[in-house]
Amino acid sequence: VRSVEELGRLAKLVDIDDRPKHESVRVIATLGRHVQSRGGELGLTRKLESFGVRFVNDTCWCMLLDPPVIPSDPRSAILTNSGKYAHYGPGLTNRRVRFGSARDCVEAAKGGRAATSSGKT
């Protein structure tokens, strides 16, 4: 999450319906401390944390190489809205990494599976 505006868009996606995060899915967002602090003032981080988002501050996804951030099961897949991580992630983590929009990520978090390119889960 690069900005408070992006954090707000993520919170709106979570609020589109009342489905909770699927129990088997972890949702992790990287963001700067200043974005998290301002998001806290606006109630955005609390809303996202209630959904199950875990925040990691002041780092790039490409620096997060080990559990508990990276799934310990090598059959696990990671869905990201970061083009950089979609490119470098497979080689860094030895996990399958798929690229999708923030909406795709939230839908996968709620449904427990990422949609295929045809839109089916």
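Along each chain, the written sequence defines residue order, and numbers are assigned to residues from 1. Local features in this predicted model are restricted to residues of pLDDT 70 or higher, and side-chain atom pairs are both shown and tallied only at a pLDDT of 80 or more, whereas totals for entire chains, interfaces and linings draw on every residue. Only hydrogens and water are set aside when side-chain values are computed; all heavy atoms of the structure are taken into account.

Caption draft 1: Spatial organisation of helix α5 (residues 102–111). The buried label goes to any residue with under 20% of its type's maximum accessible area, the exposed label to any with over 50%, and the partly exposed label to all in between, with areas taken from a 1.4 Å probe on protein chains only. We count a stretch as a helix when DSSP gives it H or I for four or more residues in a row; a strand needs E for two or more, and each element gets its number in order from the N terminus. Buried within α5 we find Val106, Ala108, Ala109 and Lys110. Contact criterion: two residues are considered in contact whenever any of their non-hydrogen atoms come within 4.5 Å of each other. The elements touched by buried residues of α5 are α1 (4–14), β1 (27–31), α3 (44–51) and β3 (77–80).

Caption draft 2: Summary view of unusual backbone geometry. Phi is positive for Asp58, close to 55 degrees, though the residue is something other than glycine. Secondary-structure assignment places Asp58 in the loop between β2 (53–57) and β3. The partly exposed category is assigned to Asp58, whose relative accessible area is 45%. The phi torsion at Asn94 lies on the positive side, around 60 degrees, for a residue other than glycine. Looking at the secondary structure, you find Asn94 in the loop between α4 (83–93) and β4 (96–99).

Caption draft 3: Representation of the packing of α1 against α3. Orientation is described by axes fitted as lines to C-alpha atoms, over the contacting stretch for helices, and by angles from 0 to 180 degrees between their N-to-C directions. Between α1 and α3, whose axes approach to 10 Å, the crossing angle comes to 40 degrees. Classified by the angle their axes make, α1 and α3 are oblique. Helix-helix and strand crossings are classified by hand; for α1 and α3 the assignment is left-handed. Here Val4, Leu7, Gly8, Leu10, Ala11 and Val14 of α1 come into contact with α3, specifically with Leu44, Thr45, Lys47, Leu48 and Phe51. Across the contact of α1 with α3, the residue classes tally to eight nonpolar, two polar and one charged. An angle below 35 degrees is treated as roughly parallel, one above 145 as roughly antiparallel, one from 65 to 115 as roughly perpendicular, and anything else as oblique. For any pair of crossing helices, the crossing counts as left-handed if the nearer helix is rotated counterclockwise from the farther one by less than a right angle, and right-handed if it is rotated clockwise. Throughout this entry, Asp, Glu, Lys and Arg are counted as charged residues, while Ala, Val, Leu, Ile, Met, Phe, Trp, Tyr, Cys and Pro are counted as nonpolar. The remaining residues, Gly among them, count as polar.

Fair warning: the whole summary comes from geometry, so function is off the table for now.
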